[in-house]
Amino acid sequence: MQAGGKLNLGQVAPLVEHLIRNEAGGIFVCGSTGEFSSLTSEERRMTAEAFVDAAGGRVPVIIHVGHNSLEESRRLAAHAQQIGADAIAAAPPSYDRPASIELLVKSLQQITLGAPDLSFYYYHIPRMTGVYLDMLEFLRYGGERLPSLAGIKYTQPTVHEFQLCAEHERGRFEILFGTDEMLLSGLCAGATGAVGSTYNFAAPVYRRIVEAFADGNLPEARRWQAAAARMIDVINRHRSQPGFKAVMNLIGIDCGPNRLPLDSLKADEIEILRSDLDQIGFFGWIQANEERTFAC
């Protein structure tokens, strides 16, 4: 965002280069961190185009097209297919919420009609949408009725259900883990990919978790997961999403202010956030080639 609240699409390319430099395996556009619910549909289309162009096919781009209007969501899906996105995702309508798996799948069918050639991920984030439905049952029912269903962006700390989904039909669907402070738990439960807010500025920390887990070094993986949890705890004390955006500014990727109804951190709050992060060693952790040390 610019200072006045308008989109600052000129910052998309530097952000994409930062993500690729930090070995992001893909980019999820217009999700919660991207303040999609505060954007107009036209702004969302402009944002999607900017990210697809900046990525240039180097990493997959998933466009979130969820909307309270299913027709508007379908149009956003069609646009994502038109501009060359690799996949789409959608959270369910959250004002008039689908009350059953059947109604949820019927709603998603309307959305995916707009982009029949793109893989589709259901965005499961019940804390924000209020849609607390059984995701294993969703895969059983939706897997037969949503031809493009590729998986779930699973943003919920119920690791037991996540594991059941990941193992469903011998791993037929890609269940992307979406709770950053529990990534190691997700890996233990079978996660092969993850999407999260803090990967934008702390990807090296999470890479170390993944690498240590793959090497069978659980003590090392736990140490880095604890570091991530401490980092998130600090930022959550600074109002979560506005804090995430402020951290991006602190690492040199100016994402500007938040848009109402969110309130941006003020200058003095940002300095306190900087100090709190410095005390736990954050600015050393996020250097990809930095010596791997921890602050006490």
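The structure under discussion appears in the preceding block.
About the thresholds
The written sequence of each chain sets the order in which its residues are numbered from 1. For this predicted model, a pLDDT threshold of at least 70 governs which residues receive local features, and a threshold of 80 or more governs which side-chain atom pairs are given and counted, while totals over whole chains, interfaces and linings are taken from all residues. In computing side-chain properties, one takes all heavy atoms of the structure into account and sets aside hydrogens as well as water. Runs of H or I in DSSP of at least four residues are treated as helices and runs of E of at least two as strands, each being numbered from the N terminus. Every residue pair with non-hydrogen atoms within 4.5 Å of one another is taken to be in contact. Whether two strands pair depends on DSSP finding at least two bridges between them. Lines fitted to the C-alpha atoms define the axes, with helices restricted to the stretch that makes contact. Angles between their N-to-C directions range from 0 to 180 degrees. Centres within 6.5 Å make a pair out of two Phe, Tyr or Trp rings, where for Trp the six-membered ring is used; the pair is then stacked when the planes are under 30 degrees apart, edge-to-face when over 60, and tilted otherwise. When a residue's accessible area, from a 1.4 Å probe over protein chains only, is under 20% of the maximum for its type it is buried; when over 50% it is exposed; and in between it is partly exposed. We call a charge positioned above a ring when the Lys NZ or Arg CZ atom is no farther than 6 Å from the ring centre and deviates by at most 35 degrees from the ring normal. We call a crossover right-handed when, viewed with the strands running away from us, the connection from the first strand over the helix to the second turns clockwise. In a helix, the anticipated span is given by 1.5 Å times the number of residues less one. Directions pointing from the helix axis toward each C-beta atom define the arc. Two kinds of site are reported from a 1 Å grid over the protein atoms alone, namely cavities, where a 1.4 Å probe fits but cannot get out, and pockets, open sets with protein on both sides within 12 Å along at least five of seven lines, and residues are called lining when an atom falls within 4 Å of a point. Grid points are joined across faces, edges and corners, and a volume is the space filled by probe spheres set on the points.

S.K.: It is not clear to me how the environment of Leu7 should be interpreted in this structure. Could you clarify?
M.R.: Structurally, Leu7 is set in the segment before helix H1 (12–21). For the pair formed by Leu7 and Cys255, sequence separation is 248 residues and the distance between their alpha carbons is 9.7 Å. Leaving out residues up to four positions away in the same chain, Leu7 has contacts with Met1, Gln2, Leu39, Glu43, Thr47 and Arg259.

S.K.: Explanation requested: the sheet that holds strand E2 (residues 61–64) in the structure shown.
M.R.: Hydrogen bonds along the backbone pair up the strands of a sheet, which may run parallel or antiparallel. Spatially, the six strands line up as an open sheet ordered E1-E2-E3-E4-E5-E6, and their pairing is parallel. If you trace the sheet from one side to the other, it starts and ends with strand E1 (27–29) and strand E6 (174–177), each paired once. In this sheet, adjacent strand axes meet at a mean angle of 25 degrees when their direction is disregarded. The pairing of E1 with E2 spans three bridges and is classified as parallel. The residue bridging Ile27 from the neighbouring strand is Val61, located in E2. Contacts from helix H6 (residues 135–142) reach strand E4 (119–124), strand E5 (149–154) and E6 within the one sheet, and its direction differs from that of E5 by about 170 degrees.

S.K.: Whenever I open this one, the environment of His168 confuses me. Can you help?
M.R.: Counting through the fold element by element, His168 comes out in the loop between helix H7 (159–167) and E6. For the pair His168 and Arg140, spaced 28 residues apart in the sequence, the C-alpha separation amounts to 8.4 Å. Apart from the residues within four sequence positions on either side, His168 is in contact with Leu136, Leu139, Arg140 and Phe173.

S.K.: Explanation requested: the packing of aromatic side chains in the structure shown.
M.R.: In this description, an aromatic ring pair is defined by two values, namely the gap between the centres and the angle between the planes. One pass over the full model with this rule turns up nine aromatic pairs. A ring pair is formed by Phe162 and Phe177, whose centres lie 5.0 Å apart and whose planes are at 85 degrees; its orientation type is edge-to-face. Pair noted here: Phe162 is in helix H7 and Phe177 is in strand E6, with a separation of 15 residues, a long-range link. Ring geometry for Phe201 versus Phe282: centroids 6.2 Å apart, planes at 70 degrees, classification edge-to-face. With Phe201 in helix H9 (residues 199–214) and Phe282 in helix H13 (residues 282–285), this pair connects stretches of sequence that are 81 residues apart. We note that Phe201, like Phe282, is buried. Taken together, the aromatic side chains of Phe201, Phe244, Phe282 and Phe283 make up a single cluster linked through ring pairs. Taking NZ or CZ as reference, Lys153 lies 5.3 Å from the ring centre of Phe28, over its face. Its guanidinium or amino end placed over the ring of Trp224, Arg208 lies 4.7 Å from that ring's centre, counting from NZ or CZ.

S.K.: What is the right way to read the pairing of E2 from this model?
M.R.: The side chains of a regular strand alternate, residue by residue, between the two faces of the sheet. Both faces of E2 are covered, namely the face carrying Val61 and Ile63 and the face carrying Ile62 and His64. One crossover worth recording links E1 to the parallel E2 by way of helix H2 (residues 41–55), and it is right-handed. As defined by bridge partners, E2 adjoins strand E3 (residues 87–90) across three bridges and the pair is classed as parallel. If you follow Ile62 over to E3, its bridge partner there is Ala87.

S.K.: Please clarify how helix H12 (residues 267–279) should be interpreted in this entry.
M.R.: Since the α-helix advances by 3.6 residues per turn, residues separated by three or four positions end up pointing in the same direction. In this model H12 runs 19 Å from its N-terminal to its C-terminal C-alpha over 13 residues, within 8% of the 18 Å that 1.5 Å per residue would give. Regarding H12, the residues found buried are Leu273, Asp276 and Leu277. Projection of H12 onto a plane perpendicular to its axis shows the buried side chains occupying an angular sector of 95 degrees, all on one side. Residues of H12 that are exposed and angled more than 90 degrees away from the buried face: Ala267, Asp268, Asp278 and Gln279. Positioned one or two residues after H12, Gly281 has a phi angle of 90 degrees, which is positive.

S.K.: Can you walk me through unusual backbone geometry in this structure?
M.R.: With the exception of glycine, the majority of residues adopt a negative phi angle, and the majority of peptide bonds are in the trans configuration. Here the residue pair Leu260 and Pro261 is connected by a cis peptide bond, since its omega of 15 degrees sits within 30 degrees of zero. With respect to the helices, strands and loops of the structure, Pro261 is situated in the loop between helix H11 (241–250) and H12. Phi is positive for Arg170, which is not a glycine, with a value near 55 degrees. Topologically, Arg170 is positioned in the loop between H7 and E6. We note that Arg239 has phi near 70 degrees; this positive angle belongs to a residue other than glycine. With respect to the helices, strands and loops of the structure, Arg239 is situated in the loop between helix H10 (218–236) and H11.

S.K.: Even after reading the chapter, I still don't get empty space enclosed by the protein, so can you show me in this structure?
M.R.: Empty space left among the atoms is revealed by rolling a probe the size of a water molecule over them. Taken as a whole and judged by the stated rule, the model has one cavity of 30 Å³ or more. The wall of the largest cavity is formed by Cys30, Arg44, Arg45, Ala48, Ile63, His64, Val65, Leu76, His79 and Ala80. Sorting the residues of the lining of the largest cavity by element identifies H2, E2 and helix H3 (70–83) as the ones contributing at least two each.

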